[in-house]
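Summary of the model geometry
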Amino acid sequence: MDRRDFIKKMGAGIMVGTGAAGESLSDTMIVNRDRMKTRPKARVAVLRDEKVRAKTGLSADRIHALLERAILAATGYKDIKIAMRSLAGPKDIVGIKLNCLAGRPLSPTKELTQAMTRLFSECNVSEGNLIFFERSQRDLIKGGFEVNVSGPGARFLGHDSPGCGYEPRPRISGQVGSCLSRIVTEKITVLINLGVLKDHNLSGISAGMKNLFGIIHNPNKYHDNNCDPYVADVSAFDVVRAKLRLVVIDALLAQCEGGPAYRPQYAWPFNGVLVSTDSVAVDRVGLQIIEAQRKKKGLHSLKAMKRHPQWLETASRLGLGECNHENIQIIEEA
Amino acid sequence: MDRRHFLIQSGGFAIFGRFMPRASLPTGKTPALDQADGFKREAAWYRKMDGKQVECQLCPRRCKVADQETGWCGVRSNDRGIYYTHVYGRAVTIHSDPVEKKPLFHFLPSTETLSLSTVGCNFECLFCQNWELSQFRPEQVQGPYGFVSPAKLVAGAKKIGAKSVAFTYGEPVVFYEYMRDIAVHAKLKDLPAVMITNGFIEPRPMDALLDVISAVKVDFKAYSPEFYTKWCRGRLQPVLDTMLRIRKKKVWLELVHLTIPGLNDRPAQTEEMCKWIVHNLGPDVPVHFTRFHPTYKLTNVAKTPPATLQRQWEIAKNSGIHYAYTGNLPGHDAENTLCHHCGKMLVQRVGFAVVEKALRSGKCKWCDRPIPGVWG
């Protein structure tokens, strides 16, 4: 059965969203109404704003507005304060995992971290209760951030910052056995995953779930077999399941080949963010965006390159989220 | 006290002006960025590929590593198409040990060997006794020394009267360049270098290394490809090839088999292993059967019963191995070296201490037959 037949037979296909900026993601929007009756769809906000790039650089205000709209769309709330409170309360310590491996050009943008800080502050999570963190202080600096261990404002920590480090004993999740970041296990009560949308030479893509390799002490041991099932197993750690509330993918600049390092020839301004409370769904949509761009650039698909992120299906089987695009609602306007 | 703390705390020698404190998991100071870069050296064995990828040619894993990524061992990374080791000069533990502790029983007995390690390993044995070194990355374990040059290390060994330098605790294959340069310096000072290894290394780097190494102890974890895959995340065949290579180069070789109840202690498998050794390496290669203690990810298996080790030892002797030993069983008779020809006591040991030697110029004091080994 091809896609056309499938849509006809289902008799319920609707195409949603034409996207204000560029190509539509409507291929993912086949809605099975029968299923909807029994199972809510995973919501993934894919919001874009071509005006985020001002002549002087990125517009902090537009990025703030973009993130706000995306969080509203992903959570389904109409009031941003209620949406943010659904993620964290005033007593929470919120940890935001960054991904700075590729250096400044392809790390989460400072403006996005500032927008997140502002949004949490506006709903009574003080800046002092926010911890942006990475594998090491060195990575943070590479990504253009300043380490802030004890100064005012949100903290920026590496696992090598004073008082951080890893747990003394490994925990097991599926085939992964690792010492976990003490920032994640001890310091924070809420985890936000702030990754970057990019290609990865082994895992296929690096967006949300792959970014969590940065909370274990031995990610180098888990790159075999295109990181399957390891990416899924890391997200399946009890502490991650319990604390992870939101995934935000910085796709202001995305990259469709040559990752995880920055390769300007394969990077393109997507000018958007992907946001969801569903780790698997948001990566699934990220995969489609990468694949679409690869096609546009005349590159083979990740599947053809034997780099398809099979760990998405594994993660879905583990109950970590929705991998079937039929059950994912992409919201492109809010 | 776990093994790492024991290793680090039990009687440090003031080689570098202070006693050896424990290396720590990263909870404290971070080395300055320029200091971290001081440990960085271009790797000796790799090839460049398209798109700034590299292929590591040091171990049989042959990692293909993308720009900004790290190899499986965790101590080598690709920076814009150049492959680097990050552990050159980055010893996190330096200690003076009896050479018997390696264990090497036929190599300069009752001498001290200056032993060192960096972090990292190209295996992940779920029963690793030194996992807090081997399974971490350089930036995660802060050693107390800063940069320790090969010259400084060798000078330190000489100063304390060590008779050799040992690359041990972690897996020296992953700090190949540092090990090689230390061994070269040591050789210039008439100080032998010994390597305690899993043997998982490519032939060319091993051949180059054997020119400057005087003895190797290889962990023969099991005569079973499945065991290597399942419990060590490695492969058996390259390890067998390394042992053959060491013998061919006439470098002194001893083997250790860590006997784990239920996993690699089947008599039939032990017999197969011993027969392979006798047939391929010869009966004079000493084999140590050592006792397992639960650790790392294998904490639900009991310590090896002494009777099991005794049985392993008997199988080895019956298979034709001339010098079989038990280990981690202080006081057991099979810690001693008996002359294979006349059966009389040559080296009597208690734990790592040698209490009596009956060797003269490498020959049995009683029957005057040569005893295989390096006796000084």
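Residues numbered from 1 in each chain as written. Chains lettered and ligands numbered in written order. Predicted model: local features only at pLDDT ≥ 70, side-chain atom pairs only at ≥ 80, totals over all residues.

Some points on the overall build of chain A
Under the convention used in this document: Helix and strand definitions here come from DSSP, where helices need a minimum of 4 consecutive H or I residues and strands a minimum of 2 consecutive E residues; each element is numbered from the N-terminal end. A pair of residues counts as a contact when their C-beta atoms, built from backbone coordinates, are within 7 Å of each other.
Summing up its helical and strand segments, chain A has eleven helices and 14 strands in all. Long-range contacts, defined here as pairs at least 24 residues apart, represent 70% of the contacts in chain A between residues at least 6 apart.

Digging into unusual backbone geometry
Using the following cut-off: Neighbour counting defines burial: a residue surrounded by 20 or more other C-beta atoms within 10 Å of its own C-beta is buried, one with 12 or fewer is exposed, and intermediate counts give partly exposed, using backbone-placed C-beta atoms.
Cis geometry is found at the peptide bond from A:Gly259 to A:Pro260, where omega equals 15°. Structurally, A:Pro260 is set in the loop between β11 (244-255) and β12 (267-268). With an omega of -10°, the peptide bond between B:Lys102 and B:Pro103 qualifies as cis. The phi dihedral of A:Asn124 is positive, around 75°, even though this residue is not glycine. The residue A:Asn124 is located in the loop between α5 (110-122) and β5 (130-134) in this model. Judged by the 15 C-beta atoms lying within 10 Å of it, A:Asn124 is partly exposed. The phi torsion at B:Asp368 lies on the positive side, around 65°, for a residue other than glycine. Along the chain, the position of B:Asp368 falls in the segment after β19 (363-364).

A short note on the environment of B:Val184
Residue and element names in this part refer to chain B. Here Val-184 lies in helix α5 (residues 176-188). Its 14 C-beta neighbours within 10 Å are what place Val-184 among the partly exposed residues. For the pair Val-184 and Val-212, spaced 28 residues apart in sequence, the C-alpha to C-alpha distance is 6.0 Å.

Digging into the pairing of strand β14 (residues 324-327) of chain B
All names here are of chain B. Quick reminder of the rule: One requirement defines pairing of two strands: DSSP has to find at least two bridges between them. Consider the strands pointing away from the viewer: the crossover is right-handed when the path from the first strand over the helix to the second runs clockwise.
Of the two faces of β14, the one holding Ala-324 and Thr-326 and the one holding Tyr-325 and Gly-327 are both buried throughout. Pairing between strand β13 (residues 287-291) and β14: four bridges, direction parallel. Across the sheet, the residue bridging to Thr-290 is Gly-327, located in β14. With helix α10 (residues 306-318) bridging β13 and the parallel β14, this β-α-β connection has right-handed handedness.

Comments concerning the nonpolar core
The nonpolar side chains of soluble globular proteins are, as a tendency, buried together. Test applied: We define a nonpolar core as a collection of buried residues of the types Ala, Val, Leu, Ile, Met, Phe, Trp, Tyr and Cys that are connected via C-beta atoms lying within 7 Å of each other.
Ranked by internal contacts, the top residues of the largest apolar core, which has 204 residues, are A:Val44 and A:Leu274. No other element matches β11(A), which puts nine residues into this core. Ignoring sequence-local partners within four residues, the contact set of A:Leu274 consists of A:Val44, A:Ala45, A:Val46, A:Leu197, A:Ile249, A:Ala251, A:Val282, A:Val285 and A:Gly286. Formed by five residues, the second largest nonpolar core is a distinct cluster that contains B:Cys339, B:Val347, B:Cys364 and B:Ile371.

Overview of helix α10 (residues 279-296) of chain A
Residues and elements named next belong to chain A. The line we're drawing: Every helix has an expected span of 1.5 Å times one less than the residues it contains.
Helix length check: α10 (18 residues) gives 26 Å between terminal C-alpha atoms against 26 Å at 1.5 Å per residue, within 8%. Along α10, the residues classified as buried are Ser-279, Val-280, Ala-281, Val-282, Asp-283, Arg-284, Val-285, Gly-286, Leu-287, Ile-289, Ile-290 and Gln-293. Where α10 terminates, the next one or two residues include Gly-298, which has phi positive at roughly 80°.

A closer look at the packing of helix α6 (residues 203-210) of chain B against helix α8 (residues 237-248) of chain B
Residue and element names in this part refer to chain B. Keep this limit in mind: In this description, a line fitted to the C-alpha atoms serves as the axis of each element, helices being fitted only across the stretch in contact, and the angle between N-to-C directions of two axes falls anywhere from 0 to 180 degrees. An angle counts as roughly parallel when it lies under 35 degrees, as roughly antiparallel when it exceeds 145, as roughly perpendicular when it falls between 65 and 115, and as oblique in every other case. Rotating anticlockwise by less than a right angle from the far helix to the near helix defines a left-handed crossing, while the corresponding clockwise rotation defines a right-handed one.
The interhelical angle for the contact between α6 and α8, taken along N-to-C directions, is 30°, at an axis separation of 11 Å. The orientation of α6 relative to α8 falls into the category roughly parallel. Both α6 and α8 take part in a crossing whose hand is right-handed. Of α8, the residues touching α6 (which contributes Pro-203, Met-206, Asp-207 and Leu-210) are Asp-241, Thr-242, Arg-245 and Ile-246.

Topic: the sheet that holds strand β9 (residues 164-167) of chain B
Residues and elements named next belong to chain B. The eight strands lie next to each other as β7-β8-β9-β10-β11-β12-β13-β14, forming an open sheet whose pairing is mixed. Each end of this open sheet is capped by a strand with a single partner; those strands are β7 (93-98) and β14. The sheet shows a mean angle of 20° between the axes of neighbouring strands, taken without regard to direction. When strand β10 (residues 193-197) meets strand β11 (residues 215-219), the two strands line up parallel, connected through four bridges.

What about the pairing of β5(A)?
All names here are of chain A. Most of β5 is tucked away: five of the five residues are buried. Of the two faces of β5, the one lined by Leu-130, Phe-132 and Glu-134 and the one lined by Ile-131 and Phe-133 are each fully buried. Sheet topology note: the strand β4 (residues 94-97)/β5 ladder contains four bridges and is parallel. Looking at β5, one finds that Lys-97 is bridged to Phe-133. Following the chain from β4 across α5 to the adjacent parallel β5, one finds a crossover that is right-handed. Pairing analysis gives four bridges linking β5 to strand β6 (residues 155-158), with the strands arranged parallel. Within β6, the residue paired with Glu-134 across the bridge is Gly-158.

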